[in-house]
Amino acid sequence: MGESYLLLLDNYDIFHPKPSNSIDAKEVLETIGTGMGILNASYIPESLQSIAAVQQLSIDDLSLAISQSGLSTQAQGMLLNCISGLLLLKEQDAAYDEAYAFLIAFESQVISSNLSAEEKQILLSTLSIVRYDIYNGSARKGKDRDWELSVGNFVSTAYGAKQSSSHAIINAGISNILH
């Protein structure tokens with residue numbers, strides 16, 4: 001899923017002319033996503049306002065936002081632990097490789113957890129996109145220590161993953177553009 005996210009961003013990056021506003025940017029992402037086969041006939045676009053609202057979340061809003069995700073308490077706890085761990089790594093100026101290793105280890109915890117198959121898929125989808133998003137902002141651009149992490153992007157991706165993989169990818173894409 002993370003690879004599809006990066007391909008979507010790559011295709012958006014070469015799109016010209018660039019959209020002049022976020023509504024048009026979202027439409028371009030959805031058009032590209034349809035062409036790439038990321039979006040299917042059952043995809044129902046989410047409002048840009050709801051994505052933008054989540055995008056504005058700060059660390060102080062994180063617990064409340066995760067609690068409203070519709071996930072089980074265990075899944076919510078895992079998401080909170082993951083973002084908290086990533087924020088701590090960021091605060092410690094950890095290299096991309098350390099964030100990558102943390103996310104891979106966290107994915108293993110999700111796989112071996114007793115979450116439902118649906119919740120495992122939601123968390124693994126979110127973590128895959130976050131892993132590729134961090135890669136996109138760091139190693140891919142030759143910046144070993146300068147990786148990005150946005151609470152809003154993380155939560156928006158998780159909210160999207162709760163709906164479908166298509167929503168996760170589009171939400172992450174528009175969050176990336178808005179960020």
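Just so it is clear, the structure is predicted and the values come from calculations on it, not from any experiment.

A. Expanded view of the packing of helix H8 (residues 151-163) against helix H9 (residues 165-178). Put simply, H8 and H9 touch, their axes get as near as 7 Å, and they point 160° apart. Between H8 and H9, the angle falls in the class roughly antiparallel. In this structure, the crossing between H8 and H9 has a hand that is right-handed. Seen from H8, the contacting residues are Asn 153, Ser 156, Thr 157, Tyr 159, Gly 160, Ala 161 and Gln 163; seen from H9, they are His 167, Ala 168, Asn 171, Ala 172, Ser 175 and Asn 176.

B. Expanded view of empty space enclosed by the protein. Summed over the entire model, instances satisfying the criterion amount to 1 cavity of 30 Å³ or more. In this structure, the largest cavity occupies an estimated 80 Å³ of space. If you trace the largest cavity, you find it lined by Tyr 5, Ile 129, Val 130, Asp 133, Ile 134, Glu 148, Leu 149, Ser 150, Asn 153, Phe 154, Thr 157 and Ala 172. Ranked by residue count, the leading element in the lining of the largest cavity is helix H7 (residues 117-136), at 4 residues. Residue classes in the lining of the largest cavity are distributed as 7 nonpolar, 3 polar and 2 charged.

C. Focus on unusual backbone geometry. Of the consecutive residues His 16 and Pro 17, the connecting peptide bond is found in the cis state with omega at -5°. Looking at the secondary structure, you find Pro 17 in the loop between helix H1 (2-13) and helix H2 (22-36). Within the chain, Asp 93 stands out as a residue other than glycine whose phi angle is a positive 60°. For Asp 93, a relative accessible area of 45% gives the class partly exposed.

Reading guide: rules and limits
Residues numbered from 1 in each chain as written. Predicted model: local features only at pLDDT ≥ 70, side-chain atom pairs only at ≥ 80, totals over all residues. Heavy atoms only, no water. Axes fitted to C-alpha atoms, helices over the stretch in contact; angles between N-to-C directions. Helix = DSSP H or I, 4+ residues; strand = E, 2+ residues; numbered from the N terminus. Parallel < 35°, antiparallel > 145°, perpendicular 65-115°, else oblique. Left-handed = near helix turned anticlockwise from the far one by under 90°. Contact = heavy atoms within 4.5 Å. 1 Å grid on protein atoms, 1.4 Å probe; cavity = no way out; pocket = protein on both sides within 12 Å on 5 of 7 lines; lining within 4 Å. Points joined across faces, edges and corners; volume = space filled by probe spheres on them. Nonpolar A, V, L, I, M, F, W, Y, C, P; charged D, E, K, R; others polar. Buried < 20%, exposed > 50% of the residue type's maximum accessible area, 1.4 Å probe, protein only.

Note that all results are geometric; they support no functional claim without further evidence.
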